[in-house]
Amino acid sequence: MLWHKAWLETRGRFLGGLALSLIVGFGVIYDFRATQRLLPLVRNMDPAALDTSGPLGAAIKEGLAAQQSFRGFVWWQWYRQNLTYLVVVFGALLGAGGLLVKSGGATLFTLSLPVSRARLMTTRAAVGLAELLALAVVPSLLIAVLAPSIGQTYSVGDVLAHGVCMFVVGSVFFSLAALLSTDYVDGWRPVLIACIVAAVLGMLEYIPAIGRFGLFHVMNGESYYRSARLPWIGLIVSAGITAALLRTAAVNLAHRDF
Amino acid sequence: MSEALAIETVELRKRFDATEALRGLNLRVPRGSIFGFLGRNGAGKTTAIKLLLGMARPTAGQARVLGLSADEPTASVTIRQRTGFVDENKALYDYMTVDEIIRFTAAFYPGWRRDLEKRYLQSFALPLHQRINTLSLGMRSKLSVLLALSRGAELLVLDEPTSGLDPATSEEVLQAIVTHVSAESMTVFFSSHHLADVDQIADHIAIIDAGRAVIAGALDDLRGRYRRVQLVFTGIAPDITFHTPGVVRVRRQGRVMTALSSAGSDALIAEAMRFGPVSAEVLPVTLKELFLESVALEV
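Residue positions are given per chain, counting from 1 as you read along its sequence in written order. Written order decides the labels, with chains lettered from A and ligands numbered from 1. Note on the predicted model: pLDDT of at least 70 is required for a residue's local features to be given, and 80 or more for side-chain atom pairs to be given and counted; whole-chain, interface and lining totals, by contrast, use all residues. Just so you know, side-chain values use all the structure's heavy atoms and leave hydrogens and water out.

J.: Teacher, can you tell me more about the overall build of chain A here?
T.: Here a strand is any run of E in DSSP of at least two residues, a helix any run of H or I of at least four, and the numbering for each starts at the N terminus. Within chain A, the regular secondary structure consists of 11 helices and zero strands. To get the radius of gyration, use the C-alpha atoms; to get the globule rule, take the number of residues to the power 0.38 and multiply by 2.2 Å. In terms of overall dimensions, chain A is globule-like: its C-alpha atoms have a radius of gyration of 20 Å, near the 18 Å expected for 258 residues. Taken across its 258 residues, chain A has 49% of its residues classed as buried. Here a residue-residue contact requires only that any non-hydrogen atoms of the pair lie within 4.5 Å. In chain A, once contacts between residues fewer than 6 apart in sequence are set aside, the share between residues at least 24 apart is 79%. The method behind every accessible area is Shrake-Rupley, applied with a 1.4 Å probe, and residues are considered shielded solely by the protein chains displayed. Split by element, the accessible area of chain A, about 11700 Å² in all, is 69% carbon and sulfur. Charge counting treats Lys and Arg as positive and Asp and Glu as negative, with His and both chain ends excluded. Here the site of a charge means atom NZ of a Lys, CZ of an Arg, CG of an Asp or CD of a Glu. Positive and negative charge centroids in chain A, built from 19 and 12 side chains respectively, lie 7 Å apart. Here the term buried applies to any residue with accessible area under 20% of the maximum for its type, exposed to any over 50%, and partly exposed to those in between, with areas from a 1.4 Å probe on protein chains only.

This is the structure we're talking about:
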């Protein structure tokens, strides 16, 4: 029954995130055609008009190159941008709350039940992570399913590989929000702090020396896109961070007075 | 620690930052008793209940519930398995319906009493398919009581069960508890600052003030032991220091002196007669007077 309770408490955020992701994913598919129409215009531009010497120019050049194919377009637009943002934000939203927040004044009722705090925490985390996994995979499956409608294909294998990367790194922000929720009784500060941390990490990745070690490179599955290799080290490190954050959250919760 | 006790605390202390909520609380709640836990707002009643149910941890001292250590996490789960609880705010999950929260709660208690559930659903006229956030406080209180009583618990812990209720609903809730307890073998530990509620159903009490129990015992025994002696003098009442054991408070107002004794009145009157009062009257002490005198002492 704790599963059911956790589902009831998070379903609004989960279904909202899923709906938004599906809409954005749907938009990505049909945006490909428009992009294909625009790309020849860019190719015909005077090379001198596009300065690719700086980081911004290099990024534009890289984006243009990637988006020549549907697979590259999906990676650039969907995994590298839209889905990353969605998974970070909704990961934090799903991780926030828990015993202190959503139950509101009913926290004491929950604590009067014959279950340990560790079980409460574990159940809540398991439900939230399952929802996050669905957010990381299901909207991408829509792309694979609808791609033939625009004369393209997208493999389910790619969806699953990128889904794993999205989910594992997204879990870091989920567990960060879960940890913060054992200290803050309001629901919004853990989400805000987790998003700020994500934004700072994202900006740090623009520094060439450390960028390639960044979480977001793991999250968007760049190594899988370019060389069909999963970023195992990054995934293991991310999973380790998640486990450590959730463990700390459980210890915090166990020692908390209500 | 005695097996005859449902709850026992020894020098229980709890500090929240700069505030010492409990300052050496000693309680002995006999099994099978209806124990009224009295105190003013902020006296430490809710904190004590939280410590008993493992919702907070003591700073020092010991608490045992049903023979188990309340601050040991595994034992605390067992304690809660055998305990029904009604929270002061009667806060439940707003997003569930009455039926959903009953099914949810029942799943944690193998000894869930379907017969009691049906009985209280009927007698409280609770709407099964209504969401909890649309229920009145009275309805939520009744639902909280149903959820506590149907657990098949050995111990019922009620934190201000009638707080915020109108007299009719309050009476209905109290009657349900009394009827339930008379038919089941269980202990009830309930906190209140409503003296009438305690007077109505309790057989044992403890009065807590500033984190310590200032009076505790069987209510009939306390009523038998405590006496108010009113002495009237011809002039201003003299400033007397009584040496009789059990004198807990002396007040003077003009010609009248009132002394409260916890050890009957005979010895006190005998000592007082040496100062020549024109009259001496022995009055029984009500629970309200006992409460007011006790908490006033500790201020």
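Read on, since the account is not over.
J.: I'm lost on the sheet that holds strand E14 (residues 279–284) of chain B in this one. Help?
T.: Sheet strands pair by backbone hydrogen bonding; their relative direction is either parallel or antiparallel. All names here are of chain B. At least two bridges found by DSSP between two strands are what make those strands a pair. Strand order in the open sheet formed by four strands is E12-E13-E11-E14, and the pairing between neighbours is antiparallel. Of all strands in the sheet, those with a lone pairing partner are strand E12 (247–253) and E14, marking the two edges. For this sheet, the mean inter-axis angle between neighbouring strands, taken without regard to orientation, is 20 degrees. In this structure, strand E11 (residues 227–232) lies alongside strand E13 (residues 256–261), joined through six bridges in antiparallel fashion. By the bridge assignment, arginine 227 is partnered in E13 with serine 261. All axes are obtained by fitting lines to C-alpha atoms, using only the stretch in contact for helices, and the reported angles, taken between N-to-C directions, cover 0 to 180 degrees.

J.: Honestly, helix H5 (residues 137–149) of chain B in this entry has me stumped. Any pointers?
T.: Side chains of residues three or four places apart in an α-helix project in the same direction, reflecting 3.6 residues per turn. Here the expected span of a helix is defined as 1.5 Å times the quantity of residues minus one. Spanning 13 residues, H5(B) covers 18 Å between terminal C-alpha atoms, matching the ideal 18 Å at 1.5 Å per step. Burial runs high along H5(B): 10 of the 13 residues are buried. For H5(B), the complete set of buried residues consists of Gly138(B), Ser141(B), Lys142(B), Leu143(B), Ser144(B), Val145(B), Leu146(B), Leu147(B), Ala148(B) and Leu149(B). Buried residues along H5(B) sit in contact with helix H4 (107–111) of chain A together with strand E6 (83–86), helix H3 (98–106), helix H4 (114–123), strand E7 (155–159) and helix H6 (167–183) of chain B.

J.: Got a minute to help me understand the packing of helix H3 (residues 70–95) of chain A against helix H5 (residues 117–146) of chain A in this structure?
T.: Helix-helix packing is characterised by the crossing angle of the two axes and by the distance between the axes. Residues and elements named next belong to chain A. Running from N to C, H3 and H5 cross one another at 155 degrees; their axes reach a closest spacing of 11 Å. The orientation of H3 with respect to H5, classified from their angle, is roughly antiparallel. By crossing handedness, the relation of H3 to H5 is classed as right-handed. Contacts between H3 and H5 involve Phe70, Val74, Trp78, Tyr79, Leu83, Val87, Phe90, Gly91 and Leu94 from the first element and Arg124, Gly128, Glu131, Leu132, Leu135, Ala136, Pro139, Ser140 and Ile143 from the second. If an angle is under 35 degrees, it is roughly parallel; if it is over 145, roughly antiparallel; if it lies from 65 to 115, roughly perpendicular; otherwise it is oblique. The hand of a helix crossing depends on one turn: near helix anticlockwise from the far one by less than a right angle means left-handed, and clockwise means right-handed.

J.: Any chance you could explain the nonpolar core here in plain terms?
T.: The set of buried Ala, Val, Leu, Ile, Met, Phe, Trp, Tyr and Cys residues whose side-chain atoms join them within 4.5 Å is what this entry labels a nonpolar core. Ranked by internal contacts, the top residues of the largest apolar core, which has 154 residues, are Tyr79(A), Tyr93(B), Ile101(B), Leu143(B), Leu147(B), Phe189(B) and Ile205(B). The residues touching Ile101(B), leaving out its near neighbours within four places in the chain, are Phe109(A), Leu92(B), Tyr93(B), Met96(B), Ile132(B), Leu143(B) and Leu147(B). One finds Leu231(B), Phe233(B), Met257(B) and Leu268(B) within the second-largest nonpolar core, a separate group that totals 11 residues.

J.: What's the story with unusual backbone geometry in this structure? I'm lost.
T.: Trans peptide bonds make up most of the peptide bonds, and negative phi angles are found at most residues other than glycine. All names here are of chain B. The phi torsion at lysine 90 lies on the positive side, around 50 degrees, for a residue other than glycine. For lysine 90, the position within the fold is in the loop between E6 and H3. A relative accessible area of 1% means that lysine 90 is categorised as buried. The phi torsion at alanine 125 lies on the positive side, around 55 degrees, for a residue other than glycine. Of note, alanine 125 is situated in the loop between H4 and H5. Residue classification places alanine 125 among the exposed residues on the basis of a relative accessible area of 52%.

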